[in-house]
Amino acid sequence: MRKGLLLFILGLTLLGACEREENQGETNGSRPAATAAPVAVTPAAAEVAFPTSGGLTLRGTLYGSSERAVIFAHEPNSDRRDWQPLAVELATRDYMALVFDMRGHGESEGPLMLSLIRDDIEAAIDFVEARGADAYVLVGSDYGGMETIHVAAERDPAAVVLISVPERVTFSFLERRVRDEELQQIDAPALLIVAEDDQPTFTNEASGVTVEGPDYHQAMTNIRDRMGEPVEFIVLDGSAHGRRLLDSAQRDELISSVIQFIEHHVPPAQQRAAPDEDRDQWG
């Protein structure tokens, strides 16, 4: 893990993550987005490892210590550094934040089997619960977000954040879809974020032919329409996809929107204790 990256976070809002293979503000939600507050303190980071149900060892970085956890599922062909800046910011706000390498990525064991990534997310849930978390938020982008939907339908997250998620993914050996029954089984409040022009293009190096990829804005709109309430939907300017939003002009809006959503629906333990303390003091 590149711990030196944390040095850039002191005194700044947050910086972007590393490169990814896929190629910001109108807000269509119930809250206006605000400006992200600067990070004043860098939380302690712990390198961790935990097993999947199939016996693979996954490696990650854990920031902070709290009864409230946030788990990040990164995009394919990337690693845990994707959402590290946001994880660090959440840890300064009294959350336990876990970023981890999915199987076949980064420092985690393989082989890479995308069809089993949901097992990795469930292993991450088991890990934070063993560390004392009594509620957790799932954050997923791109295919990591699709698998987050599958897990959220079966487990019991306190909230779900989905960023640039497709409705369908087809690989040479695999086709995955977001199904209506799964979306309807998610009882937790959800935040959906996508850029308005998020439709990357791909060029075949051999043939030189360029084709358009999925229309993620339309996909996220369809997912929103198929989910139960409450759902917040935020459309950002531009065309940045997934974690690349952290490198875009919409970085602060993205960060603030996610933080406000999580703090509203899953407040830190200290905030939850405040009302009882006030009643004890004032009667």
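Since the structure is predicted, the reported quantities are computational estimates derived from the model, not experimental observations.

## What to know about the overall build of the chain
Along the chain, the regular secondary structure elements total 7 helices and 13 strands. Looking at the 283 residues of the chain, the share that counts as buried comes to 51%. Element-wise, carbon and sulfur atoms account for 47% of the exposed surface of the chain, whose accessible area totals about 12,200 Å².

## Structural notes on the confidence of the model for the chain
Across the chain, pLDDT averages 82, with 80% of residues at or above 70. When the criterion is pLDDT under 50, residues 1–41 qualifies, and its contacts beyond four places in sequence or with other chains add up to 123 contacts. Low pLDDT, under 50, characterises residues 273–283; the predicted model gives this stretch 1 contact beyond four residues in sequence or across chains.

## Details of unusual backbone geometry
Between Gly110 and Pro111 the backbone carries a cis peptide bond, its omega angle lying at 10°. Turning to its location among the elements, Pro111 is positioned in the loop between strand 5 (96–100) and helix 2 (117–130). At the junction of Glu229 and Pro230, the peptide bond is cis and its omega measures out at 0° in the coordinates. Following the sequence through the fold, Pro230 ends up in the loop between helix 5 (216–226) and strand 13 (231–236). Positive phi values are uncommon outside glycine, yet Asp94 reaches one of about 70°. Residue position: Asp94 is located in the loop between helix 1 (84–92) and strand 5.

## A word on a nonpolar patch on the surface
Residues Phe202, Val209 and Val211 make up a contiguous nonpolar surface patch of roughly 230 Å² in combined accessible area. Structurally, Phe202 is set in strand 11 (residues 201–203). Taking relative accessible area as the criterion, Phe202 reaches 32% and is therefore assigned partly exposed.

## Brief notes about helix 6 (residues 251–265)
Here helix 6 is 15 residues long and its end C-alpha atoms lie 22 Å apart, about the 21 Å a rise of 1.5 Å per residue gives. Three or more residues of helix 6 are buried, namely Glu253, Leu254, Ile255, Ser256, Ser257, Val258, Ile259, Phe261 and Ile262.

Calculation criteria
Residues numbered from 1 in each chain as written. Predicted model: local features only at pLDDT ≥ 70, side-chain atom pairs only at ≥ 80, totals over all residues. Heavy atoms only, no water. Helix = DSSP H or I, 4+ residues; strand = E, 2+ residues; numbered from the N terminus. Buried < 20%, exposed > 50% of the residue type's maximum accessible area, 1.4 Å probe, protein only. Areas by Shrake-Rupley, 256 points an atom, 1.4 Å probe, with all protein chains shown as cover. pLDDT = per-residue confidence, 0-100. Contact = heavy atoms within 4.5 Å. Patch = residues over 30% accessible without salt bridge, like charges linked within 9 Å, V, L, I, M, F, W, Y side chains within 5 Å. Salt bridge = Lys/Arg side-chain N within 4 Å of Asp/Glu carboxyl O. Expected span 1.5 Å × (residues − 1).

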